[in-house]
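Residues per chain are reported as follows:
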Amino acid sequence: MLFNNAIVRKPAHSVINGIDDYADLGKPDYSKAIQEHESYVSLLTKLGIKVTILDALEDYPDSCFVEDPAVVADEFAVITNPTRSSRTKEREKIRPTIEKFYQEDRIFEIKEPGHLEGGDVMCVGKTFYIGLSARTNQEGIDQFTEIADKFGQEVIAVPVNEFLHLKTGTTYMGNNKLLVAGEYIDSPYFKKFEQLRVPEKENYAVNCINTGNGVIMPADFPTVKEMLTQHGFKTHEINMSEFSKIDGGLTCLSLRFNA
Ligand code: CIR
């Protein structure tokens, strides 16, 4: 297993009003979102991962996307500073849970004027690739770099133009294999990786999770499924129709770490 713990938060009824900057697929259906979320949790559990399920927060429509208000690394955790005003306070809501897993002196914060969201942070070994995006600014990356430096880890900033977050455009599958879409196909930032190129019509499926015991991917993306299978990954599909309507992918629904 690549991680043995995950934190998720149940979608609130207000999930139907989640931010939709990109998808343009209509509003999510609450009941279906709950079903999809339950399937996600069941799959993680079946794969041997201990899942901490947090209560829904009605005041925060996007709060089921727990990946954004915190970054959980092997040696430290960072409470981030989400950019959109409807999401900023999610940082205060996730902190008590992070404190259950990390010692106080291993928990850091991104502070104003720094902004950073976990969806922009992709960890590969000792390196954090961090998207410089509409949600993460240079000051946020500089603060994160200072924190990572304390633990001998480096940060490489990567511009994000076409996607919401870095991990909406690329995710690392292990064994030097990187799923890439859009602007990250043949990107100089990712030259050292073996690239698994996602065709544009399947862009959404670039956001996958390698558990070490199979890759979790969104359902109904046959090319990406085939590509992962050919590269030796077992795949597990999850229906993500409702979360995709508000720009949410598989990684955003959990914080994944070893404890
Ligand atoms: C947002 O726009 O903030 C949410 N509707 C979607 C967040 C997706 N998070 C992620 O990719 N890490």
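How each quantity is defined
- Residues numbered from 1 in each chain as written.
- Predicted model: local features only at pLDDT ≥ 70, side-chain atom pairs only at ≥ 80, totals over all residues.
- Heavy atoms only, no water.
- Buried < 20%, exposed > 50% of the residue type's maximum accessible area, 1.4 Å probe, protein only.
- Helix = DSSP H or I, 4+ residues; strand = E, 2+ residues; numbered from the N terminus.
- Arc of directions from axis to C-beta.
- Contact = heavy atoms within 4.5 Å.
- Core = buried A, V, L, I, M, F, W, Y, C linked by side-chain atoms within 4.5 Å.
- Pairing = 2+ DSSP bridges.
- Axes fitted to C-alpha atoms, helices over the stretch in contact; angles between N-to-C directions.
- Near = heavy atom within 4 Å.
- Polar contact = N/O pair within 3.5 Å; in protein donor to acceptor, adjacent residues only side chain to side chain.
- Areas by Shrake-Rupley, 256 points an atom, 1.4 Å probe, with all protein chains shown as cover.

J.: Go over helix α5 (residues 222-230) with me, naming the residues and quoting the values.
T.: Of all the positions in α5, only Val224, Met227 and Leu228 are classed as buried. Buried residues in α5, looked at end-on, bunch into an arc of 95 degrees, giving them a common side. Facing away from the buried surface of α5 by more than 90 degrees, the exposed residues are Pro222 and Gln230. Elements in contact with the buried residues of α5: β9 (170-174), β10 (177-180), β11 (194-197), β13 (215-218) and β14 (235-238).

J.: So, the nonpolar core: which residues are in play, and what are the values?
T.: In terms of nonpolar packing, the biggest core is built from 27 residues, with Tyr129, Leu166, Leu179, Tyr184, Phe190, Val224 and Leu228 touching the most fellow members. If we skip the residues at most four places from it in the chain, Leu228 touches Met173, Leu179, Leu196, Cys208, Val215, Met217, Phe233 and Thr235. Membership of the second largest hydrophobic core comes to 23 residues, among which are Leu43, Leu47, Phe65 and Phe243.

J.: Provide a residue-level description of the sheet that holds strand β7 (residues 127-132), including the pertinent values.
T.: Strand order in this open sheet of three strands is β6-β7-β8, and the pairing throughout is mixed. The outermost strands of the open sheet, each flanked by one partner alone, are β6 (121-124) and β8 (154-159). Mean inter-strand twist for the sheet, computed between neighbouring axes without regard to direction, equals 25 degrees. Strand contacts of helix α4 (residues 138-150): β6, β7 and β8, with the helix running at about 170 degrees to β7, the strand carrying the most contacts.

J.: So what's going on with the sheet that holds β9? Residues and values would help.
T.: Here we have three strands laid out as an open sheet, ordered β9-β10-β11, and mixed in their pairing. On the outer flanks of this sheet lie β9 and β11, each paired with one strand and no other. On average, each strand axis in the sheet is inclined to that of its neighbour by 30 degrees, with strand direction left out of account. Judged from the four bridges that link them, β9 and β10 form a sheet pairing that is antiparallel. What sits directly across from Tyr172, in β10, is Leu178.

J.: Residue-level account of the site of the ligand, with values.
T.: In the region of the ligand, 13 residues are neighbours, and Ile19, Asp62, Asp68, Arg87 and Ile246 sit closest. Here a nitrogen atom of the ligand and a side-chain polar atom of Asp62 are 2.8 Å apart. Note that a nitrogen atom of the ligand is positioned 2.9 Å from one of the side-chain N or O atoms of Glu67. Notes on the ligand: free accessible area 350 Å², of which the protein chains cover 98%.

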